[in-house]
Each structure stands twice: as structure tokens, then as C-alpha cells.
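Next come the chains, spelled out residue by residue.
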Amino acid sequence: MNNNELEELKQRYVVRGAASSAKQFAARAENAEIWDEDGQRLIDFAGGIGVLNLGHRHPDVVKAVKDQLDKVMHTAAGVITYAPYVKLAERLCQLTPTRGPDRKALLVNSGAEALENAVKIARAATGRSGVITFEGGFHGRTLLTLAMTGKVWPYKGEFGPMPGEVFHVPFPNAWYGVSEDDAIAAINARFRTDIPAERVAAIVIEPVQGEGGFYPAPATFLRKLRELCDQHSIMMIVDEVQSGFARTGRLFAIEHSGVQPDIMTMAKSLADGMPLAAVVGSAKVMDASGPGSLGGTYGGNPLSCAAALAVLDVIQRDGILEKSVLLGDALIARFREWETRFTCVAHGRHLGAMAAFELVDDNGKPCAERAKALTAYAREHGLILLSCGVFANTIRILVPLTVQKEVLEEGLTIIENGLATLG
């Protein structure tokens with residue numbers, strides 16, 4: 001079927017709230033390139049929204065999945081477990097910088113499911129119920145994670161009352177005038193006005209906000225937050241769903257700060273396209289709830305676990321962390337050029353290859369219209385490009401870390417040409 005025929009089926013049968021606005025349909029993909037059903041080529045700067053740090057169909061990942069498919073496809077880990085599950089749990093416990101020395105892991109299906117379980121575990125471990133998260137943060141689309149998400153539209157504006165005892169505070173962002181002290185003061189204000197500290201189970205933070213605009217949390221702030229959590233015996237949960245697995249030049253973004261959280265969540269590029277997420281923390285914390293209290297039918301599927309084990313091997317063997325640093329350096333250099341050439345480009349930033357810039361109007365204010373126009377221009381010229389941010393004016397780059405230099409340059413040139421049309 002061609003793109004038009006599939007678009008007709010999509011409009012008829014796929015729910016509007018989950019359907020892509022794109023009218024092209026992926027037929028095949030390789031590394032940082034996709035070909036649609038009409039044979040048109042697209043450069044992929046979205047990477048499945050941060051899922052494909054090693055690119056589409058990395059050969060080692062494909063081989064690992066195929067090999068596992070010849071052995072066990074699925075059993076449900078809660079019924080009878082299998083080697084890839086426990087081997088992956090071991091690797092993640094060895095690599096994840098949560099407080100230790102002994103760690104344990106839970107494997108689930110998605111980032112939202114990981115966050116749901118992280119909160120459950122924190123509540124069981126502390127005997128408390130409250131959760132504090134940050135404005136602009138994104139933690140998922142299930143009802144609890146929607147409550148935790150710090151942006152209304154398009155995520156939660158139509159879904160009625162959110163679960164209780166979830167409170168938001170400002171994220172430290174100097175670009176928008178919020179200092180580290182402001183953010184800490186806001187948490188202490190919540191303790192005075194909304195919920196006492198002794199009822200807060202967890203404070204949840206993305207070390208680099210994803211959907212909120214690719215703003216890194218300052219390392220000094222993360223250390224202050226760790227101290228505040230320790231002061232009040234609150235679990236510090238770090239959400240690495242979008243920032244993990246080499247995107248920032250470290251395996252996890254929190255490593256840039258030296259802070260050890262109590263619990264970490266991860267997903268997306270963990271399995272390079274296969275559905276998989278994880279929660280990792282100290283053994284004492286992770287074992288706080290009883291047998292049968294955690295898990296799910298598909299969590300830690302054998303094929304996904306095999307893919308994740310291959311991902312970890314490739315990251316180590318092929319110097320992916322170093323490639324992420326070099327890619328980030330190349331991106332920020334290009335952003336700086338654009339800031340001097342185009343008045344609509346501002347505040348280029350990056351942590352490794354987790355890179356973004358702002359589009360602003362003639363008065364320097366956030367301009368969602370220009371972001372929408374640029375992503376539309378990119379799609380018309382063969383580039384998949386995403387915007388994000390509380391004001392929907394941030395252009396983020398999530399190109400695979402394995403992208404070929406010529407493909408990267410081609411994509412950046414399309415962006416550059418698109419910026420020239422914005423005035």
C-alpha cells in the first residue's frame with residue numbers, strides 16, 4: 001500500500017489522540033535514515049523520540065533479537081523467568097549509579113510504567129505517599145505519571161482530576177529566571193503549605209528535562225536536592241528515560257553531577273527500539289514491597305532483554321560515549337553559528353548529544369509558531385525534526401549517535417535553510 005492508502009486507513013481506524021500528524025509511513029529504516037511506502041527517503045533527527053541512540057536496526061541488536069527468537073519468545077517472567085532477564089538485571093545493577101552497594105532491578109515495558117513502579121516502591125520503602133516533581137517535567141501518559149508531568153497541554157488538559165498528593169515546583173532554569181535557590185525555596189514552601197516533609201515519599205527529577213525543553217539541571221542543584229532529600233529521609237528518584245544510554249556523553253546524565261539517587265528509571269534507548277524499561281535502586285529499597293506486588297505480563301520480554309544486552313555491549317565496544325561527546329560538540333558549534341546569523345535562534349545548549357535551541361520572535365520571546373514552521377519545512381524537505389518545551393518553541397536533536405557525518409551534515413543543512421525562511 002502507498003502513503004495515501006495508508007493515510008485513509010489511519011484516519012478511519014486509528015484514534016485521533018494517538019495518531020501521528022505525518023502522512024508518510026515508514027517502510028524500512030537503516031541507522032539515521034527512513035524510507036516511506038512511496039520510496040521517499042527521510043533523515044531521522046527524532047530517533048523514535050530518543051529510542052534509537054544506536055540507530056535503526058543496529059546489526060548487533062537485530063542479530064541478538066533473531067537469535068533469542070529461535071530460543072524463547074515469551075513466557076512471562078512472573079511465571080518462569082529466563083536467562084536474558086536476570087543477566088540484564090545484573091548488568092544494569094552494575095552500571096547504574098544509584099546508592100548501593102547492593103542493587104536490584106525491575107524490568108517493565110515503558111518509561112511511564114517504570115515511573116509508576118518507582119513511586120510504588122518509594123511509597124512502600126518510606127511508608128509515605130506524597131510526590132514532588134518539577135514544572136516542565138514529563139514522566140508519562142498514564143494517570144499517575146500525567147499528574148507528575150508538569151505541562152497541561154496536550155497531555156492532561158482533557159482527562160479530569162489527577163491523582164492526589166502530587167505537587168509541582170519550578171525547575172531551576174536561569175534562561176527563564178528561576179535560580180537554584182528559587183527551586184529549593186519552592187520545595188520548602190510546599191512543605192509549609194501543601195504537605196509536610198515527613199509525608200513526602202519521593203522527589204522525582206529528570207537530570208535533563210526531555211519534553212520540557214532539554215534543559216540540564218545544574219550539577220550544583222542536583223547535589224542540593226540530594227542533601228534536602230537526605231535531610232528529610234525522602235527518596236530521590238532520577239528519571240533517565242530520555243537522557244540515558246549515552247545520549248549525554250555518559251551512560252546516564254546523572255553521572256555528570258556525581259549524585260547517587262535512591263531509585264533510577266530508564267527506558268527508550270535501553271533496547272534500541274524494542275519495548276523495555278527498568279527501575280533500579282538499592283536492594284533494601286527495591287525489596288520493600290512483597291512478592292507479587294511488582295511486575296506484569298510482558299515486562300522484561302526475552303527479545304527486549306536480548307536487545308538491551310547487545311546495546312550495552314555496543315556502547316562499550318564501539319566508543320559510543322565518545323561519539324556522543326563529539327556529536328554534541330559539533331551540534332553546539334552549529335547552533336552558535338545560527339545564533340549569529342539568525343535573530344530567531346537563541347539559547348543553544350547541550351549535554352553531550354542531548355542538544356537543543358530556542359526559536360524566538362522579534363522581541364526575543366518564545367515563538368511556537370516559528371518552531372512549528374521549521375519542523376514543517378524540515379519534513380517537506382526530507383528531515384524528521386521535533387520541537388518540545390513548555391512554550392513549544394524548542395528544537396531538539398535526537399539523531400542516532402551512530403549517524404554518518406554526511407547524513408548529519410545533510411540534515412543540519414536542511415535546518416539551516418529552513419531557518420533562513422523564518423526571517
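Higher on the page you've got the structure.
Here the structure is a predicted model, which is why all the values come from computation and not from measurement.

What counts and how
- Residues numbered from 1 in each chain as written.
- Predicted model: local features only at pLDDT ≥ 70, side-chain atom pairs only at ≥ 80, totals over all residues.
- Heavy atoms only, no water.
- Helix = DSSP H or I, 4+ residues; strand = E, 2+ residues; numbered from the N terminus.
- Rg over C-alpha atoms; globule rule 2.2 N^0.38 Å.
- Buried < 20%, exposed > 50% of the residue type's maximum accessible area, 1.4 Å probe, protein only.
- Contact = heavy atoms within 4.5 Å.
- Areas by Shrake-Rupley, 256 points an atom, 1.4 Å probe, with all protein chains shown as cover.
- Lys, Arg positive; Asp, Glu negative; His and termini not counted.
- Charge placed at Lys NZ, Arg CZ, Asp CG, Glu CD.
- Pairing = 2+ DSSP bridges.
- Axes fitted to C-alpha atoms, helices over the stretch in contact; angles between N-to-C directions.
- Salt bridge = Lys/Arg side-chain N within 4 Å of Asp/Glu carboxyl O.
- Polar contact = N/O pair within 3.5 Å; in protein donor to acceptor, adjacent residues only side chain to side chain.
- Right-handed = clockwise from strand over helix to strand, strands pointing away.

(A) Quick peek at the overall build of the protein chain. Regarding its fold elements, the protein chain presents 13 helices and 15 strands. Computed over the C-alpha atoms, the radius of gyration of the protein chain is 21 Å, within 12% of the 22 Å expected from 2.2 N^0.38 for a compact globule of 423 residues. Taken over the C-alpha atoms alone, the protein chain extends approximately 55 × 55 × 45 Å along its principal axes. Counting across all 423 residues of the protein chain, residues that qualify as buried make up 55%. The long-range share in the protein chain, meaning contacts at least 24 apart out of those at least 6 apart in sequence, stands at 70%. Only carbon and sulfur atoms are counted for the fraction: they give 53% of the accessible area of the protein chain, which is about 18100 Å². For the protein chain, the separation between the mean place of its 43 positive charges and that of its 49 negative charges on side chains is 3 Å.

(B) Structural detail: the sheet that holds strand 10 (residues 277-282). One open sheet holds the seven strands; their spatial order is 4-10-9-8-7-5-6, and the pairing between them is mixed. In the strand order of this sheet, the two ends are held by strand 4 (103-108) and strand 6 (166-169), each with one partner. Averaged over all adjacent pairs, the angle separating strand axes in this sheet is 20°, with direction ignored. Where strand 5 (residues 130-134) meets strand 7 (residues 200-205), three bridges bridge the pair, whose relative direction is parallel. The residue bridging G130 from the neighbouring strand is V200, located in strand 7. The sheet strands contacting helix 4 (residues 83-95) are strand 4, strand 9 (263-266) and strand 10, and the helix crosses strand 4 at an angle near 130°.

(C) Molecular detail of unusual backbone geometry. Geometrically, the link from G100 to P101 is a cis peptide bond, its omega value of 10° lying close to zero. Considering the arrangement of structural elements, one finds P101 in the loop between helix 4 and strand 4. The omega torsion of the bond from W153 to P154 falls at 5°, within 30 degrees of zero and hence cis. Looking at the secondary structure, you find P154 in the loop between helix 6 (143-148) and strand 6. The phi angle at S233 is positive, at roughly 55°, despite the residue not being glycine. Mapped onto the secondary structure, S233 falls in the loop between helix 8 (219-232) and strand 8 (235-239). With phi around 40°, K268 is a residue other than glycine that occupies positive phi space.

(D) Geometry of the pattern of salt bridges. Considering all chains together, one arrives at 24 salt bridges under this definition. For R99, the salt bridge is made with D230, and the minimal N-O distance between the two is 2.8 Å. Note that R99 is positioned in the loop between helix 4 and strand 4 and D230 in helix 8, a separation of 131 residues in sequence. For R99, a relative accessible area of 30% gives the class partly exposed. Between D287 and K104 there is a salt bridge; the shortest N-O distance is 2.7 Å. Here D287 is found in the loop between helix 9 (283-286) and helix 10 (302-317), whereas its partner K104 is found in strand 4, with 183 residues between them in sequence. Residues joined by salt bridges that share partners form a network here, namely R99, R226, D230 and D262.

(E) View of the side chain of R349. Its place among the elements puts R349 in strand 11 (residues 345-351). R349 sits in the buried class, given a relative accessible area of 6%. A distance of 2.6 Å separates the side chain of R349 from the backbone oxygen of G213, its partner in a polar contact. Ignoring anything within four residues of it in the chain, the contact list for R349 reads G213, F214, Y215, I332, F335, M354, A355, A356, F357, E358 and T394.

(F) Structural detail: the pairing of strand 6. When strand 5 meets strand 6, the two strands line up parallel, connected through four bridges. Residue pairing for strand 6: V131 is matched across the bridge by V166. For the handedness criterion, the β-α-β arrangement of strand 5, helix 6 and strand 6 is classed as right-handed.

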